[in-house]
Amino acid sequence: MKSVSEELSNYLNREKNMICNDLIELHLADGTVLYYTNADKTVEYNGNIYKHNELLLQRQQVKINDCLVVDTMTVTVFAKNDAKIGNKGIMLAAHDGTLDRATLQLKRCFFDSDFNILDVLGVFGGNVEVKKCAGLRLELTVKAKTQGLSQEFPRRKYYPQGAYTTTGGKVTASSNDSESCIIAPFVPLKEVLI
């Protein structure tokens, strides 16, 4: 459940036509943060300038589930050839790994009739993966931080007893006490893609 300010609550209950837009923060692994909006003009919020004219961003609807799932959202970026992330073109940045380990935060910004910000709500956030990159279109998949919950745990398995040594291909000594345990890395099945 999201909590909202009293002013926004009154506005949502009173108005039939609302003005709201997305604010997107793209956090790169090197610490750079890029700010974008799908509004018709640049938005200033919390001292940050969310640019409207560099990229055209479309996103999927956020879904609410009644069970534990890894939420994902697809963000499609349409960019001109001169659109850049830092000093690189955005398509080159997607191909060369600049977007690897990036995170994306999606916020919903509500405005009054004079285009003053009433409130901003956090909607979704997660890790970015490049899904497709070709021509003027870049598709990003944003996976919630809960994606780690679907991995087998623990990553290392503990084999408490039955350690042995071999000499010349034959077992020469074995032990059944806990002092001779093995901790081995987890090796997934061949059918599981890493």
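Keep in mind it's a predicted model, so treat the numbers as computed, not measured.

Novice: Hey, could you go over the environment of A102 for me, with residue numbers and the actual values?
Specialist: Examined against the element boundaries, A102 turns out to sit in the loop between α2 (90-96) and β9 (103-111). With 26 residues separating them in the primary sequence, A102 and V128 have C-alpha atoms 5.4 Å apart. Apart from the residues lying within four places of it in its own chain, the contact partners of A102 are L26, H27, L28, G126, N127 and V128.

Novice: Could you give an account of the pattern of salt bridges, naming the residues involved and the relevant values?
Specialist: Under the counting rule described, the total for this entry stands at seven salt bridges. Of the charged contacts in the structure, one is a salt bridge between K51 and E54, with a shortest N-O distance of 3.2 Å. When its relative accessible area of 36% is taken as the criterion, K51 is described as partly exposed. Residue class for E54 comes out partly exposed when judged on its relative accessible area of 30%. Within the structure, one salt-bridge network assembled from shared partners comprises D22, R59 and R108.

Novice: Tell me what's going on with the side chain of D119, and back it up with residues and numbers.
Specialist: Summarising the element assignment, D119 is placed in strand β10 (residues 117-134). Buried within the structure, D119 lacks any salt-bridge partner; K107 is the closest side chain of opposite charge, at an N-O distance of 10 Å. Those residues within four positions of D119 in sequence are excluded, and the remaining contacts are V4, S5, L8, R108, C109 and F110.

Parameters and conventions
Residues numbered from 1 in each chain as written. Predicted model: local features only at pLDDT ≥ 70, side-chain atom pairs only at ≥ 80, totals over all residues. Heavy atoms only, no water. Helix = DSSP H or I, 4+ residues; strand = E, 2+ residues; numbered from the N terminus. Contact = heavy atoms within 4.5 Å. Salt bridge = Lys/Arg side-chain N within 4 Å of Asp/Glu carboxyl O. Buried < 20%, exposed > 50% of the residue type's maximum accessible area, 1.4 Å probe, protein only. Lys, Arg positive; Asp, Glu negative; His and termini not counted.

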